[in-house]
Amino acid sequence: MIYSMCFMLFLVGLYGVLIKRNIIKIILSVGIMGYAINLFLILIAYQEGSDFPILTPAETSKAMVDPLPQALVLTSIVIELSTTALLVALAIKIYQRYHTFDIRKIRRLRG
Amino acid sequence: MNFIVKTVTRYTVWLIMLYGMYLVLFGHLNPGGGFVGGLVIALSFIHVTLAFGRSPQAGLPGEAISHNLEVAGAYIYVGIGVIGCALGLPFLTNFLGKGTPFTLLSAGTIPLLNLAITLKVGMGIYLLYLLLVETGHSH
Amino acid sequence: MPVETWLYFIIGFMILGSIAALELTDLLSAVVAMGMVGLGLAIAFLLLQAPDLALVQFVIEILSVIILIVMLRSTNQRWEEEKEPPAMSILKMAFVAVAMIASLPLFLGLPQFGQPLLEVSSHYLAEGLRETGSPNLLTAIILDYRVYDTLGEAIVIFVSVIGVMTIFRNKRKGGTGNGS
């Protein structure tokens, strides 16, 4: 049940990518889809009644959640930021050339 | 920015940067590590840039220096791996001694790799910010 | 209250926030709503016992909001004027609804929430401290067991920086067209 709610968050992002025409809205939608995927991986990793995967000198063995998806998501989050920066750079360049954010208007070829 | 923002920035940006360094150095003992430490350090640079503008008095690294630092991070990362190769082990093996757990100098090459990742991520994100802001102003 | 109840609340909050971010015509408000969604995700990570991820998500969200506001300021566009025609948007919304309904059986095959499989990770959890010497098992995984993964991530950031530099290069040389 909670997985399908997470998938609804993904579909909100998909809706934005399909329907919106403004480039900024499309960048936001791609970010929302990324959030949904990260959240889904961490939901898969959660174990009922477990602690975070960091040992302390007091207790060197305890029940812990799955650290492997967390490690994958940690790199994925940072990559998402650099992807957003690349998209923003492309959007600024498009605006400087065409003076609009509408993806329908930039389809015509221009020098 | 106005006077209040500048004064508050002058007194708080050191704390932000110190927190970033703490996250890097104790990344193998506490929550933290190279990624978030580098991002917090980059955030402290961006904080100064937002408050004071890109004035030379701020003494922040420019584009060339931050790009060199970023590439240096990548070279340190690969260099640690190549040292492992030279010792006859697979690439990027944890070849140093493990040390006593729960102390600062332990876990072999993990703190060194954390430093390399810090340079890589922090300077990379700061460089991206500088490039975006500069082209925005030039327009 | 159990963790699951809090998660329903937070994911519902995130869905509402993202709908607000997509539907607001003021682009600055949309960016701020997006920041709200990201901070909600950081709280969800805290509830799911991932403090490292919560820290990273918190900082990344601040940075991405700064980057998006820099873009809005440098282009001076504040309002979204473009609208999709209604017939087309109803068609696409129907597609999204069909995708949601068709995917619901997909989630029945997954393990129950709170009982993961832990096939590979049980080795990491049992032997991680002895084999790597790092009490933070997340760091042990990303910088010892799966260190190539982090190398690839560093390469992705490098490529992104190079990409941004290449995109903006023509502008600096006066727009000659073929930049090299």
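As the structure is a prediction and not an experimental result, all values here were calculated from the model. (Residues numbered from 1 in each chain as written. Chains lettered and ligands numbered in written order. Predicted model: local features only at pLDDT ≥ 70, side-chain atom pairs only at ≥ 80, totals over all residues. Heavy atoms only, no water.)

Engineer: How would you sum up the packing of aromatic side chains? Please name residues and give values.
Structural biologist: For any pair of aromatic rings, geometry is given as the distance between the ring centres together with the angle between the planes. On inspection of all chains with the given rule, the structure shows 9 aromatic pairs over all chains. Between the aromatic rings of phenylalanine 7 of chain A and phenylalanine 10 of chain A, the centroid separation amounts to 5.9 Å while the plane-to-plane angle is 20°, which identifies the pairing as stacked. A residue pair is termed a helical-turn pair when its members lie 3 or 4 positions apart in one helix, as phenylalanine 7 of chain A and phenylalanine 10 of chain A do in helix α1 (residues 2-19) at 3 residues. Here the aromatic rings of tyrosine 95 of chain A and phenylalanine 101 of chain A are separated by 5.2 Å at their centres, their planes lie at 40°, and the arrangement is tilted. With respect to burial, tyrosine 95 of chain A and phenylalanine 101 of chain A carry one shared label: buried. Feature note: the residues Tyr3, Phe7, Phe10 and Phe40 of chain A together with Phe107 of chain C constitute an aromatic cluster, connected by ring pairs. Positioned above the aromatic ring of tryptophan 79 of chain C, the side-chain terminus of arginine 78 of chain C is 5.7 Å from the ring centre. (Phe/Tyr/Trp six-rings, centres within 6.5 Å; stacked < 30°, edge-to-face > 60°. Helix = DSSP H or I, 4+ residues; strand = E, 2+ residues; numbered from the N terminus. Buried < 20%, exposed > 50% of the residue type's maximum accessible area, 1.4 Å probe, protein only. Lys NZ or Arg CZ within 6 Å of the ring centre and 35° of its normal.)

Engineer: Residue-level account of the nonpolar core, with values.
Structural biologist: If you look at the biggest cluster of nonpolar residues, it comprises 111 residues, and the most contacted ones within it are Leu39 and Leu43 of chain A together with Leu39 and Tyr77 of chain B. No other element matches helix α4 (residues 110-138) of chain B, which puts 15 residues into this core. Of the domains in this structure, domain 1 (1-79) and domain 2 (119-175) of chain C are the two that each give at least three residues to this core. Filtering out sequence-adjacent residues up to four positions away, tyrosine 77 of chain B remains in contact with Leu92, Leu113, Ala116 and Ile117 of chain B together with Leu143, Val147, Thr150 and Leu151 of chain C. (Core = buried A, V, L, I, M, F, W, Y, C linked by side-chain atoms within 4.5 Å. Domains from an automatic or database assignment. Contact = heavy atoms within 4.5 Å.)

Engineer: Quick rundown of the confidence of the model for chain B? Include the residues and the values.
Structural biologist: Chain-level statistics for chain B give a pLDDT mean of 83 and a share of 95% at 70 or above. The least confident element of chain B is α4 of chain B, whose mean pLDDT is 84; the most confident is helix α1 (residues 3-25) of chain B, at 89. (pLDDT = per-residue confidence, 0-100.)

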